[in-house]
Amino acid sequence: MERKKWYAFGTREVVYSALGAALYGVLSFATNMIALPAAGNLALRPAVCIPMFFGVAFGPWVGFISGFLGNIIGDAISGFGFWFWWDLGNGLMGLIPGFAASMIADYRATRSFIIADLFSILGVIVGMGLASLSEMWVSGVDLSTAIVGYFVPAALTNIVNGIILVPILMVAYAAIVGRTGR
Amino acid sequence: MLIAWRYRERNTLIQKLDPRARWIFLLAVMFSVIQFWDLRFLAFFMGLSLMYYFPARLTWKETRRVWTFVLILVVVIIGINAVITGRGGPTEILRGAGHVLWEAQWAVPGVGWTIHPIITVEKIVFALAQMMRMLTIAILFIPVAFTFNPNHYGVTFRRLGLPDKVAFSMDLAFRFVPTLARDFSLTLDAQRARGYEVEKLEGGLLAQIRKMAPLIVPVTINAIVGAEDIVNAMDLRCFGLRPRTWLHELRYAPRDYVLIAVSAALLGGAILVRTLLRVGDFWVPDAVLRLFGF
């Protein structure tokens with residue numbers, strides 16, 4: 001199978017970016033309605049696996065747009081306004097796992113799960129890190145509040161969601177990937 | 001599940017403005033306000049934001065949820081952070097002793113740490129400035145979801161300079177939302193018919209997340225399978241070979257040029273005031289000091 005360049009953005013990427021963003025927006029909203037009990041102020045968002053998975057399956061740009069635009073859509077549906085740095089952080093959560101796309105050939109292999117999870121974790125750290133640190137120049141909070149108040153709760157829940165759900169989606173995707181003929 | 005856009009046509013001046021001009025204004029004000037800690041400047045930007053917010057005619061019922069969230073965030077995280085620790089932003093200003101209102105010293109048993117909270121007039125003013133800054137940004141951006149037509153996002157960002165494909169992707173994403181919401185609803189019903197109890201997900205945190213898979217996986221995989229048809233249809237129509245046209249064309253009206261000029265003046269003025277005049281740093285009003293008896 002011919003491998004595409006990681007920065008390619010053709011018709012397929014256009015459609016999957018849109019799909020990923022819409023899915024992330026809808027599932028964020030929907031799974032927020034189904035309240036998962038969590039500790040303290042931790043809000044569980046299982047839908048964060050969508051930009052990570054779309055990144056892993058379709059490349060970094062698809063992952064980035066899925067996260068960035070998906071977060072905007074989720075906020076638009078929920079009436080939460082527009083929070084640029086958090087949207088960007090969500091975009092990075094999809095972009096960075098996208099760099100794993102070229103390393104993954106078999107979506108069922110344990111090695112692929114490990115690669116996808118490692119890149120997803122890195123994506124969460126960078127994405128939520130940027131969004132949390134942005135509060136230092138936007139809201140003026142100090143570093144410890146940015147880390148303890150914003151980064152740790154957001155990153156922890158997103159990592160847990162990602163490492164569980166991304167491999168499950170990869171296995172399901174493996175079943176249909178042959179059918180697409182791409 | 002019914003997903004409804006929060007947007008509706010309200011026949012307001014805000015909605016009559018070109019969306020590009022509005023985005024330029026919003027970003028200009030945001031990048032201006034984050035440069036200041038002086039309450040006078042922050043009050044000006046807050047007033048400006050309110051002048052933008054109120055004509056949007058949003059009701060309390062519509063915005064109650066987001067305001068609750070924002071107020072909790074602002075008051076609890078930022079307010080307490082600023083008053084108790086006093087750090088963040090212009091830290092060096094707050095390192096001085098300041099005008100102390102209250103202080104204490106507590107030892108943490110077992111570890112030998114000492115907590116030494118000090119509340120000063122400066123910290124209170126700083127907390128107020130921090131809250132004003134965050135509220136100003138919230139006031140600016142909360143109306144986005146309620147007043148921007150989702151069908152215009154694609155063309156708006158294309159005309160703001162995004163590549164055609166990315167703008168089309170945005171446009172397509174907003175169109176996918178109702179279909180995917182319906183698919184999610186059907187999947188949820190189907191899984192419930194099979195005995196899946198989404199309201200009673202048992203087990204630990206990890207088990208609960210894993211149990212969301214029967215909802216997330218079918219919706220995602222079905223959507224991917226369906227998307228292949230869209231990709232093929234677009235490829236057959238030679239998508240991406242030429243610049244595309246848009247169903248809805250945006251045209252600037254004179255009022256939009258005025259708004260863009262105001263936005264540019266605001267941002268340019270803010271940068272000028274901060275960099276050349278070096279005005280707008282943290283400032284404690286004498287009236288506040290007198291109020292606390294200093």
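Just so you know, these numbers come straight off a predicted model, no measurement behind them.

Cut-offs used in this document
Residues numbered from 1 in each chain as written. Chains lettered and ligands numbered in written order. Predicted model: local features only at pLDDT ≥ 70, side-chain atom pairs only at ≥ 80, totals over all residues. Heavy atoms only, no water. Helix = DSSP H or I, 4+ residues; strand = E, 2+ residues; numbered from the N terminus. Rg over C-alpha atoms; globule rule 2.2 N^0.38 Å. Buried < 20%, exposed > 50% of the residue type's maximum accessible area, 1.4 Å probe, protein only. Contact = heavy atoms within 4.5 Å. Areas by Shrake-Rupley, 256 points an atom, 1.4 Å probe, with all protein chains shown as cover. Lys, Arg positive; Asp, Glu negative; His and termini not counted. Charge placed at Lys NZ, Arg CZ, Asp CG, Glu CD. Axes fitted to C-alpha atoms, helices over the stretch in contact; angles between N-to-C directions. Parallel < 35°, antiparallel > 145°, perpendicular 65-115°, else oblique. Left-handed = near helix turned anticlockwise from the far one by under 90°. Nonpolar A, V, L, I, M, F, W, Y, C, P; charged D, E, K, R; others polar. Core = buried A, V, L, I, M, F, W, Y, C linked by side-chain atoms within 4.5 Å. Buried area = accessible area lost by both parts, 1.4 Å probe. Salt bridge = Lys/Arg side-chain N within 4 Å of Asp/Glu carboxyl O. Patch = residues over 30% accessible without salt bridge, like charges linked within 9 Å, V, L, I, M, F, W, Y side chains within 5 Å. Phe/Tyr/Trp six-rings, centres within 6.5 Å; stacked < 30°, edge-to-face > 60°. Expected span 1.5 Å × (residues − 1). pLDDT = per-residue confidence, 0-100.

**Re the overall build of chain B**
Phase 1: Across its full length, chain B carries twelve helices and four strands.
Phase 2: The C-alpha atoms of chain B give a radius of gyration of 25 Å, which is well past the 19 Å a tight globule of 294 residues would have.
Phase 3: Along the first, second and third principal axes, the C-alpha set of chain B runs to 75 × 60 × 35 Å.
Phase 4: Looking at chain B as a whole, 48% of its 294 residues are labelled buried.
Phase 5: Across chain B, contacts joining residues at least 24 apart in sequence account for 77% of those joining residues at least 6 apart.
Phase 6: Carbon and sulfur atoms form 63% of the exposed surface of chain B, whose accessible area is close to 15400 Å².
Phase 7: Distance between charge centres in chain B, computed from 33 positive and 21 negative side chains, equals 3 Å.

**Quick look at the packing of helix α3 (residues 60–78) of chain A against helix α8 (residues 164–193) of chain B**
Phase 1: Orientation of α3(A) relative to α8(B), taken along the N-to-C sense of each, is 45°, at an axis distance of 11 Å. Considering the angle they form, α3(A) stands oblique to α8(B). Seen from above, α3(A) lies across α8(B) with right-handed handedness. Contacts between α3(A) and α8(B) pair I65(A), L69(A), I73(A) and I77(A) from the former with V166(B), S169(B), M170(B), A173(B), F174(B) and V177(B) from the latter.
Phase 2: Considered class by class, the residues forming the contact of α3(A) with α8(B) number nine nonpolar, one polar and no charged.

**With respect to the nonpolar core**
When a protein is soluble and globular, its nonpolar side chains tend to lie buried together.
Phase 1: One finds L19(A), F54(A) and I224(B) to be the most contacted residues of the largest nonpolar core, which totals 153 residues.
Phase 2: With near-sequence residues (within four places) excluded, I224(B) lies in contact with Y16(A), L19(A), F53(A), F54(A), F58(A), Y173(A) and I176(A).

**Quick look at the interface of chain B and chain A**
Interface size is commonly expressed as the accessible surface area that is lost when the partners come together.
Phase 1: Facing the 71 residues of chain B at the interface are 66 residues of chain A.
Phase 2: Summed over both sides, the interface between chain B and chain A buries roughly 5900 Å², with carbon and sulfur atoms accounting for 78% of that surface.
Phase 3: Contact with chain A buries area across many residues of chain B, yet I209(B), I216(B) and I224(B) alone supply 11% of it, more than any other trio.
Phase 4: Between chain B and chain A we count one salt bridge in total.

**So, a nonpolar patch on the surface**
All names here are of chain A.
Phase 1: Taken together, the side chains of L133, W137, L143, I147, V148, V152 and L156 present a nonpolar region at the surface, about 610 Å² in accessible area.
Phase 2: Put simply, the parts of the chain that give the nonpolar patch at least two residues each are α5 (110–138) and α6 (143–180).
Phase 3: Sort the elements by how many residues they give to the nonpolar patch and α6 lands first, with five residues.
Phase 4: As for its position among the elements, I147 is in helix α6.
Phase 5: Among the residues examined, I147 registers a relative accessible area of 35% and is labelled partly exposed.

**With respect to the packing of aromatic side chains**
All names here are of chain B.
Phase 1: Summed over all chains, the structure comprises 27 aromatic pairs over all chains.
Phase 2: With a centroid separation of 6.4 Å and an interplanar angle of 50°, the aromatic rings of F148 and Y153 are classed as tilted.
Phase 3: Taking the relative accessible area as the measure of exposure, F148 reaches 5% and is therefore buried.
Phase 4: Since its relative accessible area comes to 6%, Y153 is described here as buried.

**Notes on helix α2 (residues 49–58) of chain A**
All names here are of chain A.
Phase 1: Among the ten residues of α2, ten are classified as buried, and the element is accordingly described as predominantly covered.
Phase 2: Taken together, the buried positions of α2 are occupied by C49, I50, P51, M52, F53, F54, G55, V56, A57 and F58.
Phase 3: Remark: G59 follows α2 within two positions and exhibits a positive phi of approximately 105°.

**Structural notes on the environment of L250(B)**
All names here are of chain B.
Phase 1: With respect to the element layout, L250 can be found in the loop between α10 (213–236) and α11 (254–275).
Phase 2: Classification of L250 as buried rests on a relative accessible area of 10%.
Phase 3: Along the backbone, L250 and P19 are 231 residues apart, and their C-alpha atoms lie at a distance of 8.3 Å.
Phase 4: Once you skip the residues sitting within four places of it in the chain, L250 turns out to touch D18, P19, R20, V155 and T156.

**Some thoughts on α3(A)**
Phase 1: Between its first and last C-alpha, α3(A) extends 26 Å over 19 residues, near the 27 Å set by a 1.5 Å rise per residue.
Phase 2: Within α3(A), 18 of the 19 residues are buried, which leaves the element mostly enclosed by the surrounding structure.

**A look at the environment of A21(B)**
Phase 1: Within the secondary structure, A21(B) sits in helix α2 (residues 19–33).
Phase 2: We classify A21(B) as buried; its relative accessible area is 0%.

**Description of the confidence of the model for chain A**
All names here are of chain A.
Phase 1: In this model, chain A carries an average pLDDT of 86, and 87% of its residues clear a pLDDT of 70 or more.
Phase 2: Per-element mean pLDDT across chain A ranges from 87 in α6 up to 96 in α2.
Phase 3: The low-confidence segment residues 35–42, where pLDDT is below 50, has eleven contacts with residues more than four positions distant or belonging to other chains.

**A few points about unusual backbone geometry**
All names here are of chain B.
Phase 1: Unusually for a residue other than glycine, C238 sits at a positive phi of about 55°.
Phase 2: Residue position: C238 is located in the loop between α10 and α11.
Phase 3: Residue R278 is not a glycine yet carries a positive backbone phi of 55°.
Phase 4: Assignment of secondary structure puts R278 in the loop between α11 and α12 (286–291).

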